[in-house]
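Listed below, chain by chain, are the residues.
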Amino acid sequence: MRHPKASVGYENWWALWPDLLREELEAFSKRGIAPRTLYQAHGILILEAEWPVHGHSDPIRLRIGFSPLHPYFRPAVGAPDEKFERHQNPLTKELCLLTQETGQWNPRQLVSDFIEERLKQLLAALDARKEKRWDDAARLEEQAPDPLMPYFAGAEDDSVILFDGSMPVPPNGHGLMDVVCMSRNSARNQAAFEGILRQVKNSSGVGVGKRFAFPNEPAGAQVVTARWVKFTPPAAMDAAELLLLAEKELETQAVLQGPSVRKLNQFAAGPFSITGIVFPDEIEYGQQKKGAGWLFLASRRGLVTGNEQNPAETQLIIGKRAGKDDIFSRLPVARSLLNKSVVVVGCGAIGGFAALELARAGVGRVAFVDYDTVEPGNSLRWPLGRTAWGSPKAVALANFVLANYPWTTPTAFGANLGAATSAPDTLPPDLNENVLSPILDVLREANLVVDTSASFEVQYALSYYCRRLKVPYVMGYATVGLAGGVVARFVHDSKSCLVCLHEHWKDEKHISKPRLDNTGMVTPLGCNAPTFTGGGFDLQEVSLEVVRSAVGLLSEGKYDPGTWQVSILTLQGENGVRVLPSWEAFHCPPHPRCCGAGE
């Protein structure tokens, strides 16, 4: 790697490395190419060159844009006069000479050498595809799909329409569709909205294909009946142009299906309308690996003034695949979690992060149990910020999951487990069952209980009831001063239990105790109880191991839970200095004073 002799941070790269620019230009000259400079200022250098290609009578005109961080970043190479089937952005005409993976660009390679090598490979791959030599093409090109959808730019800020990526292309040429719409909070765009393509229909309103919906649909959503038309549009930047192409396609189809098309167009006349364009799009690498690609156009009409209505303003709305397969393909283990139920008891600095990770991983039902409210100071080590201040922790987390993870059904319980009362007049007048019944019902129906309460009273009680109800139990907490932490798990048929673990700690022989730092305590202003100091960046070490243990126990062998029962985290050395996080694993045998006594 070449390094500048001196730098103050704002020089153009060719000023920092004048020898490098000379080498780059000489490399072009050695190939008989005399590039023209189109632009050279403000860190940007763009050259144009007639590039000779073996087997072609005419050269290819290339535009070569050097990165402002050259040589660290790859260049952009465009072929403005060419129209290749693949490996070319149809809008910018830039060529895909490298895959998108990091590490593909070699900063020691001169740009002309790079173009010579990669352009030859690209053209060979295109020739192989044209001649249907698919095996040769697969060896020469990245084996990834090249869908058309990403090439449409200029979409409206913060708006999106979601659809099931597994849906096929409709057999009809046009039809209706139901789109569930709800507004979005956006500082950039007050008109921003989220849509869900719930159902594709034919022009008579009969459903085509499967209905798509999330388990949780936000309250206040509006169902918009919209139109769609099937054709493959050219890549374009302008939404109005795309709408015009859709109208022309509908006019063509109206020659044979006039009443059908006229019915559709009625749904494009209101103050807000959506037009969908659907086309076969490549969704997997290989021959005939096609699915449905969608573009959406939202038209908003202004107020009527006199006898005239202001013309519609049309915006391209980005479409995103959001079906179950689209979301969880990145995490195969999620498939085994979608029908599972977890109860998280204690939704503080460790439980809050752990609960959200469980929802993110695809757990189908998560119950949040906590009686506390969110203090502003908790934001330093709690997953949600200002919008949750003053809210019950369980409710705030449940609302966040409901809004952001539609495949997880959350519930919130503001229970103070085990709290006693000495005032009978405070009891509900209609109390006709054991006060524990509601929470025991939740525990009984769960596939796993996660205890992040950091309360020994709660831990002892929950571990007992989970063992009795035959529900796996995972416990995790951080020690005082964030010197370390503990994660332990016990299934109902374990030979040992949480009491055994504490008895082993008393013996100080078989299982290490987590480190403590009693100096790491503080009593915040206005609070009547001390709390430990520390941030979420340390506490999440415990949260993540809690989640890994939970996923391992829930996933039916799809994710290895490990063979240990107890893991001890160390974050501080003996002298109190920070050490890299390290975990130590232990088995917890039955202790003679507990399960080992045969009781």
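Residues numbered from 1 in each chain as written. Predicted model: local features only at pLDDT ≥ 70, side-chain atom pairs only at ≥ 80, totals over all residues. Heavy atoms only, no water.

J.: Can you help me understand the sheet that holds strand 4 (residues 76-78) in this one?
T.: Whenever strands of a sheet pair, they do so through backbone hydrogen bonds, lying parallel or antiparallel. Read across the open sheet, the four strands follow the order 1-2-3-4; overall the sheet is antiparallel. Each of the sheet's edge strands pairs with one partner strand only, and the pair in question is strand 1 (36-41) and strand 4. Looking at each pair of strands side by side, their axes are set apart by 15° on average, direction ignored. Helix 2 (residues 18-30) rests against strand 1, strand 2 (44-51) and strand 3 (60-66) of the sheet, and its axis sits at about 15° to strand 2. (Pairing = 2+ DSSP bridges. Helix = DSSP H or I, 4+ residues; strand = E, 2+ residues; numbered from the N terminus. Axes fitted to C-alpha atoms, helices over the stretch in contact; angles between N-to-C directions. Contact = heavy atoms within 4.5 Å.)

J.: In this structure, what is going on with the sheet that holds strand 23 (residues 566-572)? I would like to understand it.
T.: Taken in spatial order, the eight strands line up as 17-16-15-18-19-20-23-24 in an open sheet, and their pairing is mixed. Each edge of the sheet is formed by a strand with only one pairing partner; in this case those strands are strand 17 (409-413) and strand 24 (578-586). Pairwise comparison of adjacent strand axes, ignoring direction, gives a mean angle of 15° for this sheet. Alignment of strand 15 (residues 341-345) against strand 18 (residues 448-451), held across four bridges, turns out to be parallel. In the sheet register, Val344 faces strand 18, and the bridge partner there is Val450. On top of the sheet, helix 8 (residues 393-404) reaches strand 16 (365-369) and strand 17; it is set at about 170° to strand 17, its chief contact.

J.: For this particular structure, what's the right way to read the side chain of Arg227?
T.: With respect to the helices and strands, Arg227 occurs in strand 9 (residues 222-230). In terms of polar contacts, Arg227 uses its side chain to reach the side chain of Glu247, at 2.8 Å. Among the polar contacts made by the side chain of Arg227, one reaches the side chain of Asn265 at a distance of 2.6 Å. The residues touching Arg227, leaving out its near neighbours within four places in the chain, are Gly175, Leu176, Met177, Leu243, Glu247, Leu250, Leu264, Asn265, Ala268, Ile274, Thr275 and Gly276. (Polar contact = N/O pair within 3.5 Å; in protein donor to acceptor, adjacent residues only side chain to side chain.)

J.: Looking at this structure, I do not really get the pairing of strand 24. What am I missing?
T.: Looking along a regular strand, one sees side chains alternate from face to face of the sheet. Summarising the sheet, strand 23 and strand 24 pair through six bridges and their orientation is antiparallel. Looking across to strand 24, one finds that Thr570 is bridged to Ser582. In textbook terms, the turn of a hairpin is the stretch between consecutive antiparallel strands, and for strand 23 and strand 24 this stretch comprises five residues, one of which, Gly576, has a positive phi near 90°.

J.: Explanation requested: the pattern of salt bridges in the structure shown.
T.: Two side chains that carry opposite charge are able to pair once their charged atoms sit near each other. With the rule as written, the count across this model stands at 33 salt bridges. The salt bridge involving Lys340 is made with Glu556; its shortest N-O contact spans 2.8 Å. Within this pair, whereas Lys340 is found in the loop between helix 6 (324-328) and strand 15, its partner Glu556 is found in the loop between helix 12 (536-554) and strand 23, the two being separated by 216 residues in sequence. The exposure class assigned to Glu556 is exposed, which follows from its relative accessible area of 56%. Asp372 is the salt-bridge partner of Lys393, the closest N and O atoms lying 3.4 Å from each other. Of the two residues, Lys393 sits in helix 8 while Asp372 sits in the loop between strand 16 and helix 8, which places them 21 residues apart along the sequence. (Salt bridge = Lys/Arg side-chain N within 4 Å of Asp/Glu carboxyl O. Buried < 20%, exposed > 50% of the residue type's maximum accessible area, 1.4 Å probe, protein only.)

J.: What am I meant to see in the side chain of Ser555 here?
T.: Along the chain, Ser555 turns up in the loop between helix 12 and strand 23. Discounting residues that sit within four places of it in the chain, Ser555 has contacts with Val333, Ser336 and Leu337.

Purely spatial values, then, with no claim about function.
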